[in-house]
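Observations on chain architecture
One letter stands for each residue in the lines below.
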Amino acid sequence: MLAAALLFISGAGALIYQVLWIKQLSVVVGIDVYAVTTGISAFFAGLGLGGYLLGRQADRSTRPFLLYALIEAATALLGPAATITLAHFARPFAALQSHAGLLAWLPLFLLIGIPALLMGGTLPVLVRAVSASHLAITGGKLYAANTAGAIAGTLAAPFLLLPLLGVQRTAFFACALNLAAALAAFRIGRSGRFVVEAVTESSTFLPRQVRLAFLLYAIAGGVALGYEVVWSQAIVQFLSTRSFAFAIVLATYLSGLALGSFLYAHFGARIRDPWTVFALLIAGAGLIALLEIAILGNWLMAWQSDLEHALRAVTGSELLAMCGRFVVAALAIVFLPTLFLGAAFPAALQLASPGGNPGRSVGSLLAVNTAGGILGTLLTGFLLIPVIGIISTLGLLAISAGVLGIAAGSRASYRKSRWAILATCLATGCTALLVPRDELARLLPSTRHGGKVVFYQESAGGTVAVLEERMGRGLARRLYIQGVSNSGDAMASLRYMRLQALLPLLIHRHEPHSALVIGMGTGITAGALLAYPGLDRRVCAELLPAVVEAAPLFRGNLGITSDPRMRITLRDGRRELLQNSEQYDLITLEPPPPSAAGVVNLYSSDFYALARSRLAPGGILAQWWPLATQNDEDSRSLVRSFLDIFPYATLWTTELHEMMLVGSLSPLTLDVPRITARFDHPAVSAVLSEVGIRTPAAVLATWMTDRSGLERYARGFEPVTDDRPGIEYATWVRRGEFTRVLPRVLALQSEPPLVGASAEFRLQMGAERQTLLDFYSAALCAYQGDREGWARSISRVIKADPQNAYYSWISGETRP
């Protein structure tokens, strides 16, 4: 069917734009969950308004294919224009918000809402073009085709387009889809094959049955989008923070809608009591959504592992293997309820279309459903989840779906149907009462291995948990955000986090008085600033309030949340720099790994340029570089983006798995007497000695290389930019990649540019450096299962430095 093919293209283009705009909004508004949600609402508001207005226009048109061509041509113009504008809108938005407050959101709403308005008109216009009778059947099939295109766009953007083309060229690809659809529709419209009579708009007064159908479907839209918000929070601990995972979940959600709509359209002509079917679909979706959460357990992780191993054995691809895990989780939690919700659209269309105005019926139904969806999203994300939690919110949504089912069932033709609907609702209520509120906390990965949940909070920004686990001979705590381990307070974490803050201060060529930490996490990095005596201004930017609330549970952060010397701002790091013009002697970054969705914005050359503008004269920026979270080629791109902004760059090793890039606009000289004097302050030496850095020589032994070595490493690789965020969409980390990357980085070693160092100091630093390298050699042997190599190297380490707390602790953790 020509209309179905065109709507497939429309759906693909629309979802590509949506993926791009959501990504760009995270840069413009600073990954503030409330702001992003509000901005995305503009997209759905545009879709709903477009469906309503253009659906009415379609009824007045005699050549709806030409109208569709005009809509697609206008989208081809406005879609890329919005993308290009958003790419340059972060700074103007920050300025507008400072002076105009909420009015600053108006340009964002217009940028996203106007092209979305056009997109919202495509379905009702083409339904009008081809529907002669059985509007529910035609509408259901075309809705399925449009949603199938949306699935294709959802998957193509992260898996293919963004890695290859970047943001703006992906927008032009979507533009090409719009133009292709416009040209095809124009040729069809000019052929005269689909000329229809204009429909005179019927009375604005709608029968009671139709008004009830519109009302119920509007509320159903709120419930359905509420489910999506809840699922986005509940499913993450069975996934990862990679963009691929979220794309697969969204594609599964859309697949359920498409298949459900298609199935109803296929069997719709046989349905004699659509009120009963609509009621059972809505109530059944709520019950199934709740039951799937209630029965979650280790079986899901086992199924995920089975499919992962099978796909890896067949394909040899880590990415496909991990995507298999995501598909299992999405099918188990999301697919079945959305199948029911998808079928509800043609069912509602059957109830709400008394005839005469197909364009208006489809457009109006989509409009009220979208309006309800926006309201449901805002209420669920901003009110219900923060106040009553994920499980209770899901129960409330399911009960609301049951009430909708009862309301629709009151119109059912058969008494037995009403009893079936009532039984479904009673089952929903009982299930809602039986599911524990901490169901998701009990399913966190570490709890399966004896971990104990000591903190758990659900909010619109994500779930935050702290688990206590046995590590080696003692206990340690780990921070989980969205079900994914982010950091902890074990010895390895203490070491690299304290060095992340204190090493740049120790080597600073001036006397530092101010420092900004981006990303609180466990608070250890920011807390280390409290040990440095010369700072007058200490600031930490953290996005999630729950992370700040959990910080006192971690050892080693020196009481960061209760110390008046530390100012904590609840903002994303990029937003902090855009909205605050303060300058700092040190900016140190410890965000999540660069492969996590949205975080690449804090590793791009665009971000480094912004951070550079906030450095005081002689200031330095320290960037955490986790070696194990991305492949070697992605790390080289990360380094390239850093080198493109900072003319003077050095590399330091802060822990076995972590490196630190230090950049500045002026040469870095390692003045040994100055560094020694700073290290000798009791508070500084105490916190560093706890992690195995007991002398100034041990500090400088972590030096790796200068710019020349980093240039060799990054030569020939493209930088990470806001427009080309390749790391976020890179393939999965290869097995054993860490044991390949670490030796390559260690091979970059050069002699540090020491000033004022005695011969004795140089000998001491050389000994510290050799011990550190022996330790890394031991760890690599452990990773490779070489027991003899590990024993030889670790015995040299312990013999050379038997009192080193870091070596002693880690040696127990890495023993093969």
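Located above this text is the structure these notes cover.
In this text, all values refer to a predicted model and were calculated from it rather than measured experimentally.

What counts and what doesn't
- Residues numbered from 1 in each chain as written.
- Predicted model: local features only at pLDDT ≥ 70, side-chain atom pairs only at ≥ 80, totals over all residues.
- Heavy atoms only, no water.
- Helix = DSSP H or I, 4+ residues; strand = E, 2+ residues; numbered from the N terminus.
- Buried < 20%, exposed > 50% of the residue type's maximum accessible area, 1.4 Å probe, protein only.
- Contact = heavy atoms within 4.5 Å.
- Polar contact = N/O pair within 3.5 Å; in protein donor to acceptor, adjacent residues only side chain to side chain.
- Patch = residues over 30% accessible without salt bridge, like charges linked within 9 Å, V, L, I, M, F, W, Y side chains within 5 Å.
- Areas by Shrake-Rupley, 256 points an atom, 1.4 Å probe, with all protein chains shown as cover.
- Salt bridge = Lys/Arg side-chain N within 4 Å of Asp/Glu carboxyl O.
- Pairing = 2+ DSSP bridges.
- Axes fitted to C-alpha atoms, helices over the stretch in contact; angles between N-to-C directions.
- 1 Å grid on protein atoms, 1.4 Å probe; cavity = no way out; pocket = protein on both sides within 12 Å on 5 of 7 lines; lining within 4 Å.
- Points joined across faces, edges and corners; volume = space filled by probe spheres on them.
- Nonpolar A, V, L, I, M, F, W, Y, C, P; charged D, E, K, R; others polar.
- Arc of directions from axis to C-beta.
- Parallel < 35°, antiparallel > 145°, perpendicular 65-115°, else oblique.
- Left-handed = near helix turned anticlockwise from the far one by under 90°.
- Phe/Tyr/Trp six-rings, centres within 6.5 Å; stacked < 30°, edge-to-face > 60°.
- Lys NZ or Arg CZ within 6 Å of the ring centre and 35° of its normal.
- Core = buried A, V, L, I, M, F, W, Y, C linked by side-chain atoms within 4.5 Å.

Brief notes about the overall build of the protein chain
Looking only at helices and strands, one finds 29 helices and 14 strands in the protein chain. The C-alpha extent of the protein chain, read off along each of the three principal axes, is 95 × 55 × 50 Å. Put simply, the protein chain has 816 residues, and 60% of those count as buried. Of the contacts made within the protein chain by residues no fewer than 6 positions apart, 79% connect residues no fewer than 24 positions apart.

Quick look at the side chain of serine 243
Turning to its location among the elements, serine 243 is positioned in helix α9 (residues 243-267). Residue class for serine 243 comes out buried when judged on its relative accessible area of 10%. Separated by 2.7 Å, the side chains of serine 243 and glutamate 728 make a polar contact. Filtering out sequence-adjacent residues up to four positions away, serine 243 remains in contact with Ala597, Glu728 and Tyr729.

Points about a nonpolar patch on the surface
On the surface, Leu77, Leu78, Leu106, Phe109, Leu110 and Ile114 cluster together into a nonpolar patch covering about 530 Å² of accessible area. Breaking the nonpolar patch down by element, the ones donating at least two residues are α3 (64-87) and α5 (105-120). Per-element tally for the nonpolar patch: the top contributor is α5, with four residues. Along the chain, leucine 78 turns up in helix α3.

Comments concerning the sheet that holds strand β5 (residues 514-518)
The pairing of strands in a sheet comes from backbone hydrogen bonds and takes either a parallel or an antiparallel form. Read from one edge of the open sheet, eight strands run β7-β6-β5-β8-β9-β11-β10-β13, paired in mixed fashion. Strands at the two margins of the open sheet, each flanked by one partner only, are β7 (566-569) and β13 (703-705). For this sheet, the mean angle separating the axes of adjacent strands, direction not counted, is 20°. Inspection of the sheet shows strand β9 (residues 615-626) paired to strand β11 (residues 658-664) by seven bridges, in the antiparallel sense. What sits directly across from tryptophan 625, in β11, is methionine 659. Against the sheet, helix α25 (residues 707-714) engages β9, β10 (648-655), β11 and β13, with an angle of about 85° to β10.

What about the sheet that holds strand β1 (residues 452-457)?
With respect to topology, four strands assemble into an open sheet ordered β1-β2-β3-β4, the strand pairing being antiparallel. In this open sheet, the two edge strands, each paired with only one partner strand, are β1 and β4 (484-488). Across the sheet, the mean angle from the axis of one strand to that of its neighbour is 30°, orientation sign disregarded. As defined by bridge partners, strand β2 (residues 464-471) adjoins strand β3 (residues 474-481) across eight bridges and the pair is classed as antiparallel. Within β3, the residue paired with methionine 471 across the bridge is glycine 474.

What to know about the layout of surface pockets
The computed volume of the second largest pocket comes to approximately 380 Å³. For the second largest pocket, the lining is made up of 19 residues, of which Val27, Ala87, Ala90, Arg574 and Asp722 are closest to its centre. For the lining of the second largest pocket, the secondary-structure elements that each account for two or more residues are α1 (2-28), α3, α4 (90-100), α7 (135-191), α19 (573-579) and α20 (605-613). In terms of residue class, the lining of the second largest pocket is made up of nine nonpolar, four polar and six charged.

Some points on helix α22 (residues 672-679)
Listed as buried for α22 are Val672, Ile675, Arg678 and Phe679. Looking down the long axis of α22, one finds its buried residues gathered within 130° of arc, a one-sided arrangement. Here the buried face of α22 lies against α16 (491-507), β12 (670-671), α23 (682-689), α24 (696-700), β14 (754-755) and α27 (759-783). Of the residues that open α22, the one with a side-chain oxygen 3.1 Å from the backbone nitrogen of arginine 674 is aspartate 671.

Side note on the packing of helix α8 (residues 208-234) against helix α10 (residues 274-294)
Interaxial distance between α8 and α10 falls to 12 Å at its minimum, and their mutual angle equals 15°. The angle between the axes of α8 and α10 places the two elements in the roughly parallel class. The handedness of the crossing between α8 and α10 is left-handed. Residues Gln209, Leu212, Ala213, Leu216, Tyr217, Ala220, Tyr227, Trp231 and Ala234 of α8 form the contact with α10, whose own contacting residues are Trp275, Phe278, Ile282, Ala285, Gly286, Ala289 and Ile293. Each residue belonging to the contact of α8 with α10 can be placed in one class, and the counts come to 14 nonpolar, two polar and no charged.

Observations concerning unusual backbone geometry
One non-glycine residue, leucine 558, adopts positive backbone phi at about 60°. Residue position: leucine 558 is located in the loop between α18 (545-550) and β7. The class of leucine 558 is partly exposed, set by a relative accessible area of 38%.

Comments concerning the pairing of β11
In terms of residue burial, β11 counts as a mostly covered element, since seven of its seven residues are buried. With burial as the criterion, each face of β11 is covered, one bearing Glu658, Met660, Val662 and Ser664 and the other bearing Met659, Leu661 and Gly663. Summarising the sheet, β10 and β11 pair through seven bridges and their orientation is antiparallel. Counterpart to tyrosine 648 in the pairing with β11 is serine 664. With antiparallel pairing between neighbouring strands as the criterion, β10 and β11 make up a hairpin whose turn holds two residues.

Description of the pattern of salt bridges
Pairing is possible between side chains that carry opposite charge, provided their charged atoms lie close to one another. Here the structure, examined in full by the defined rule, presents 24 salt bridges. In the salt-bridge network here, residues are joined through shared partners; they are Glu308, Arg312, Glu318, Arg325 and Arg735.

Focus: the packing of α16 against α23
It is the contact of α16 with α23, at a shortest axis distance of 11 Å, that shows an interaxial angle of 140°. What the angle tells us is that α16 and α23 run oblique. Between α16 and α23 lies a crossing whose hand is left-handed. In contact with Arg498, Leu499, Leu502 and Leu506 of α16, α23 contributes Val684, Val687 and Leu688.

Comments concerning the packing of aromatic side chains
Scanning the entire structure with this criterion turns up 24 aromatic pairs. The interplanar angle of 20° and the centroid separation of 5.3 Å between the aromatic rings of tyrosine 17 and tryptophan 21 together place this pair among those described as stacked. Residue tyrosine 17 and its partner tryptophan 21 are both found in helix α1; the two are separated by four residues, about one turn of the helix. Residues tyrosine 17 and tryptophan 21 agree in their burial class; the two are buried. With centroids separated by 6.0 Å and ring planes inclined at 50°, the aromatic side chains of phenylalanine 775 and tyrosine 776 adopt a geometry described as tilted. Residue phenylalanine 775 shares its accessibility class with tyrosine 776, and that shared class is buried. Taken together, Tyr17, Trp21, Phe43 and Phe44 form an aromatic cluster joined through their ring pairs. Looking at arginine 495, its charged tip hangs above the ring of tyrosine 806, at a distance of 4.2 Å from the centre.

Points about the nonpolar core
One finds Tyr227, Phe278 and Ile333 to be the most contacted residues of the largest nonpolar core, which totals 133 residues. Counting residues per element, this core draws most heavily on helix α12 (residues 318-352), at 19 residues. Counting 126 residues, the second-largest nonpolar core is a separate cluster that includes Val517, Ala531, Ala546 and Val699.

Thoughts on the pairing of β1
Of the pairings in the sheet, the one linking β1 to β2 comprises five bridges and is antiparallel in character. Bridged to phenylalanine 455 within β2 is valine 466. Counting the residues between successive antiparallel strands, the hairpin from β1 to β2 contains six residues, one of them, glycine 462, with a positive phi of roughly 130°.

Points about the environment of leucine 578
Mapped onto the fold, leucine 578 is located in helix α19. Of the residues examined, leucine 578 reaches a relative accessible area of 14% and is grouped as buried. It is 18 Å that separates the C-alpha atoms of leucine 578 and alanine 622, two residues lying 44 residues apart in sequence.

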